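As a plain string of letters, each chain reads:
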Amino acid sequence: MEISNETSSNQFFLLSLADTPFLKALSVLIFLIMYILALSVNALLIIAVRINLRLHTPMYFFLSNLSIIDIGLSSSIVPKLIIITITQDTSISRHDCASQMFFHSALIASECIILAIMAYDRYIAICKPLHYNTITNKKFCISMAAVCWALGCINSSFHVPYTLQLPFCRSHVNHFFCEIPVILHLSCQDTWLHEVSMYISACTLGLSAFILTLFSYAYIISTILNIRSIKGRHKAFSTCASHLTVVSLYYGPVMFMYLRPHSRYSLSTEKTASVIYTVVTPMLNPLIYSIRNKDIKSTIQGALKKK
């Protein structure tokens, strides 16, 4: 039961996707399909990169890391959301809520960084092709992937424990899952300082990664426009089109969620943005990269035929 003063409850209560039987069944079916697709296509992409020697390049190494992040991002949210909707038991323990916040926050930060690294990889490949193999060697790739995962975990390790140490006057979360900005709204205490620190960290990681991506593509586009051959321009643009599409799909909802004052928009819009970057984007990313890539498509088709 929710009370006005500080609650001693060890659990929170989330929203389910729907209340009526028809909408419940429909929403569970939709989310289950999206989740299975996200797992399947990301796993297939990882396998394709693993078994095809032609795909053993830095770009596909980082793409495999992106797929692992997307699998983790969906898995940290969707299974619990489906269970809540089916059972209508919306409770989640503080421990499980902390786990959701930790993995969700860590993976969001890691995805921002990996997308920036992939943009830098394209910059070197197009603007400095003669130095590509020297710069993007195995040591560089492993180091960049390690930095990506480490920064995501460090970011979460700072914000999540502090968030859960706050006193809470409410236990009902007006959201589908535990997310730091939403949990802060439940606190009896003024969370201004923590919100500022969260925005600073979001700007340091997310906005810096986004700016690095923009600078990389500014140089890429400048280089491509100087290519005299129309066929050469088209080929160069096609190598970047998939990554640009993924960046646009990802950064839009994330920046909307974390880099604006929360009072200026409705909570329903906020929930929609969260669903897009935690459920829809992880499902679309591998599809976007695979649609125009003959090597990935042929590898997947060959692996499926063997089975």
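Just so it is clear, the structure is predicted and the values come from calculations on it, not from any experiment.

What counts as what
- All residue numbers refer to positions counted from 1 along the written sequence of the respective chain.
- Where local features are concerned, this predicted model is filtered to residues with pLDDT of at least 70; where side-chain atom pairs are given and counted, the filter is 80 or more; whole-chain, interface and lining totals use all residues.
- With hydrogens and water stripped out, all remaining heavy atoms of the structure feed into the side-chain values.
- A helix here means a DSSP run of H or I that spans at least four residues, while a strand means a run of E at least two residues long, and both kinds are numbered starting from the N terminus.
- Only protein chains enter the accessibility calculation, which uses a 1.4 Å probe. A residue is then buried if its area is under 20% of the maximum for its type, exposed if over 50%, and partly exposed in between.
- Working rule for contacts: check all heavy atoms of both residues, and any pair within 4.5 Å makes them a contact.
- Here, Shrake-Rupley sampling with a 1.4 Å probe gives the accessible areas, and only protein chains in the shown set may cover a residue.
- Stacked, tilted and edge-to-face pairs are distinguished by plane angle, under 30 degrees for stacked and over 60 for edge-to-face with tilted covering the rest, among Phe, Tyr and Trp rings (Trp via its six-membered ring) whose centres lie within 6.5 Å.
- Axes here mean lines fitted to C-alpha atoms, for a helix over just the part in contact, with angles spanning 0 to 180 degrees between N-to-C directions.
- Each angle is binned into one of four classes, with values under 35 degrees roughly parallel, values over 145 roughly antiparallel, values of 65 to 115 roughly perpendicular, and all other values oblique.
- Here is the rule for handedness: rotate from the far helix to the near one, and if that takes an anticlockwise turn smaller than a right angle the crossing is left-handed, while a clockwise turn gives right-handed.
- UniProt positions are given in the numbering used here, feature names are shortened, and annotations may be inferred rather than shown by experiment.
- Here, nonpolar core means buried Ala, Val, Leu, Ile, Met, Phe, Trp, Tyr and Cys residues that are tied together by side-chain atoms lying within 4.5 Å of each other.
- Expected helix span is computed as 1.5 Å times (number of residues minus one).
- Confidence scores here are pLDDT values: one per residue, from the predictor, ranging 0 to 100.
- Note on terminology: pairs of cysteine sulfur atoms within 2.5 Å are recorded as disulfides.

Caption draft 1: Here's a closer look at the overall build of the protein. Tallying secondary structure elements over the protein gives 11 helices and 2 strands in all. Each helix and strand of the protein, placed in order from N terminus to C terminus, yields the pattern β-α-α-α-β-α-α-α-α-α-α-α-α. Looking at the 307 residues of the protein, the share that counts as buried comes to 48%. In the protein, the proportion of contacts linking residues at least 24 apart, taken out of those at least 6 apart, comes to 79%. When the accessible surface of the protein is totalled, it reaches about 15,400 Å², and 67% of it is carbon and sulfur.

Caption draft 2: A look at the packing of aromatic side chains. Tallied over the full model, the rule gives 6 aromatic pairs. Pairing phenylalanine 12 with phenylalanine 168 gives two aromatic rings, centres 5.3 Å apart and planes at 90°, and the pair type is edge-to-face. Taken together, the residues span a long stretch of sequence, with phenylalanine 12 in strand 1 (residues 11-13) and phenylalanine 168 in the loop between helix 6 (138-164) and helix 7 (180-184) at a distance of 156 residues. The exposure class assigned to phenylalanine 12 is buried, which follows from its relative accessible area of 1%. Three or more aromatic residues link up through ring pairs in this structure, and these residues are Tyr120, Tyr123, Phe140 and Tyr219.

Caption draft 3: Main features of the packing of helix 1 (residues 21-51) against helix 3 (residues 78-87). The interhelical angle for the contact between helix 1 and helix 3, taken along N-to-C directions, is 165°, at an axis separation of 10 Å. In terms of their interaxial angle, helix 1 and helix 3 are classed as roughly antiparallel. Both helix 1 and helix 3 take part in a crossing whose hand is left-handed. Across the interface between the two elements, Lys24, Ser27, Val28, Phe31, Leu32 and Tyr35 of helix 1 pack against Val78, Pro79, Leu81, Ile82, Thr85 and Ile86 of helix 3.

Caption draft 4: View of the UniProt feature "transmembrane region" (unreviewed entry) in the protein. Per the UniProt record, "transmembrane region" (unreviewed entry) is annotated on residues 25-48, 60-82, 102-120, 140-158, 199-220, 241-260 and 272-291. Segment residues 140-158 splits into 100% helix and 0% strand. End C-alpha atoms: 27 Å apart.

Caption draft 5: Representation of the nonpolar core within the structure. Within the largest apolar cluster, 33 residues are counted, with the highest numbers of intra-cluster contacts made by Leu63, Leu66, Ile114, Leu115, Met118 and Tyr289. Among the secondary structure elements, those contributing two or more residues to this core are helix 1, helix 2 (58-75), helix 4 (94-127), helix 6, helix 8 (192-225), helix 9 (230-258) and helix 10 (267-291). Ranked by residue count, the leading element in this core is helix 4, at 10 residues. In this structure, Val173, Cys178, Ile180 and Leu184 belong to the second largest nonpolar core, which totals 19 residues.

Caption draft 6: Representation of the side chain of histidine 175 in the model. As for its placement among the helices and strands, histidine 175 is situated in the loop between helix 6 and helix 7. What makes histidine 175 buried here is its relative accessible area of 1%. Not counting residues within four places of it along the chain, the set of residues in contact with histidine 175 comprises Leu14, Leu15, Val182, Lys271 and Ser274.

Caption draft 7: Representation of the environment of isoleucine 114 within the structure. Assignment of secondary structure puts isoleucine 114 in helix 4. A relative accessible area of 0% means that isoleucine 114 is categorised as buried. Setting aside residues up to four positions removed in sequence, isoleucine 114 forms contacts with Phe62, Asn65, Leu66, Ile69 and Cys148.

Caption draft 8: Spatial organisation of helix 4. In this model, helix 4 (34 residues) spans 49 Å end to end at C-alpha, consistent with the 50 Å of a helix rising 1.5 Å per residue. The element helix 4 is extensively covered by neighbouring structure, given that 25 of its 34 residues are classed as buried.

Caption draft 9: Representation of the environment of cysteine 141. The residue cysteine 141 is located in helix 6 in this model. In sequence terms cysteine 141 and proline 58 are 83 residues apart; their C-alpha atoms lie 6.4 Å from each other.

Caption draft 10: Molecular detail of the confidence of the model for the protein. When pLDDT is averaged across the protein, the result is 85; 88% of the residues are at 70 or more. Between the elements of the protein, mean pLDDT differs from a low of 68, seen in helix 11 (residues 294-306), to a high of 94, seen in helix 2.

Caption draft 11: Local environment of the state of the cysteines. Inspection of every chain in the model, using the stated rule, returns 2 disulfides. The disulfide partner of cysteine 97 is cysteine 178, and the S-S distance across this bridge is 2.1 Å. The sign of the -120° torsion about the S-S bond sets the cysteine 97-cysteine 178 disulfide as left-handed. Placement of the pair is cysteine 97 in helix 4 and cysteine 178 in the loop between helix 6 and helix 7, with a sequence separation of 81 residues. Disulfide partner of cysteine 169: cysteine 188, at an S-S distance of 1.7 Å. Across the S-S bond of cysteine 169 and cysteine 188 the torsion is about 135°, and the bridge reads as right-handed. Residue cysteine 169 is located in the loop between helix 6 and helix 7, and its partner cysteine 188 is located in the loop between helix 7 and helix 8; the two are separated by 19 residues in the primary sequence. Residue class for cysteine 169 comes out buried when judged on its relative accessible area of 17%. When the cysteines engaged in disulfides are numbered in sequence order, the protein pairs them as 1-3, 2-4. Cysteine cysteine 127 shares no disulfide, and the gap to the nearest cysteine sulfur, in cysteine 240, comes to 8.7 Å.

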